[in-house]
Amino acid sequence: MPDAGKFTRALRFESPQRHDDGAGDTVVIWQEEFVVSADVFSRMGSEAVLAARLTGIQPVEITVRRSDRTRRITSDWRAVDARSGEVFALVSPPADPDGKRATLRMLGRSGVAS
């Protein structure tokens, strides 16, 4: 588990709210759910990851402390860096990486439409 000093990013987690625009299309409005401290780690190394980086997509691992709020996160949510505004589209549901029920880890991508 990352120590407390590694949770240096404030991430705002947002859920999609889908609405009919009246013309038969669906509009997505992102609703803020909560802000938590997180560790964001850039993934590098595999051929697929390197290919994604060539297209401007940066795969990341996001780790947050497990809580009642963070257990609600689903893979259709997104995370937004509260300071820089960088958006991470979540591509996997949160998982308990070490089975200790202390943190949750999920995969995300920056540089893509969420």
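Whatever comes next refers back to the structure up there.
Residues numbered from 1 in each chain as written. Predicted model: local features only at pLDDT ≥ 70, side-chain atom pairs only at ≥ 80, totals over all residues. Heavy atoms only, no water.

**Q** What's the story with the pairing of strand 2 (residues 26–42) in this structure? I'm lost.
**A** Consecutive side chains along a regular strand alternate between the two faces of the sheet. In terms of strand pairing, strand 1 (residues 9–20) meets strand 2 through 12 bridges, oriented antiparallel. Across the sheet, the residue bridging to His19 is Val27, located in strand 2. Counted between consecutive antiparallel strands, the loop separating strand 1 from strand 2 contains five residues, among which Gly22 sits at a positive phi close to 90 degrees. (Pairing = 2+ DSSP bridges. Helix = DSSP H or I, 4+ residues; strand = E, 2+ residues; numbered from the N terminus.)

**Q** Is there a simple way to explain the sheet that holds strand 1 in this structure?
**A** Each strand in a sheet pairs with another by means of backbone hydrogen bonds, the pair being arranged parallel or else antiparallel. Overall, antiparallel pairing links the six strands, which are arranged 1-2-3-6-5-4 in a closed barrel. The mean inter-strand angle of the sheet, taken between neighbouring strand axes irrespective of direction, is 40 degrees. When strand 4 (residues 78–81) meets strand 5 (residues 87–90), the two strands line up antiparallel, connected through three bridges. Each residue of the ladder has a partner; that of Val80, found in strand 5, is Val87. (Axes fitted to C-alpha atoms, helices over the stretch in contact; angles between N-to-C directions.)

**Q** Please clarify how the packing of aromatic side chains should be interpreted in this entry.
**A** One pass over the full model with this rule turns up two aromatic pairs. Their ring planes at 35 degrees and their centres at 5.6 Å tell us that Phe13 and Phe34 sit as a pair that is tilted. Highlighted residues: Phe13 in strand 1 and Phe34 in strand 2, separated in sequence by 21 residues. On the basis of relative accessible area, Phe13 is assigned to the buried category, the value being 0%. By way of ring pairs, the aromatic residues Phe13, Phe34 and Trp77 are connected into one cluster. Above the ring of Phe7, the side-chain terminus of Arg65 is found at 4.1 Å from the ring centroid. (Phe/Tyr/Trp six-rings, centres within 6.5 Å; stacked < 30°, edge-to-face > 60°. Buried < 20%, exposed > 50% of the residue type's maximum accessible area, 1.4 Å probe, protein only. Lys NZ or Arg CZ within 6 Å of the ring centre and 35° of its normal.)

**Q** Help me understand the environment of Met106 in this model?
**A** Within the secondary structure layout, Met106 lies in strand 6 (residues 103–110). By relative accessible area, which is 1% here, Met106 ends up buried. A C-alpha to C-alpha distance of 8.5 Å links Met106 and Val60, two positions 46 residues apart in sequence. Other than its neighbours up to four places away in sequence, Met106 contacts Phe13, Val60, Glu61, Ile62, Val64, Ile73, Leu90, Ser92, Pro93 and Pro94. (Contact = heavy atoms within 4.5 Å.)

Nothing here speaks to function; it is all geometry.
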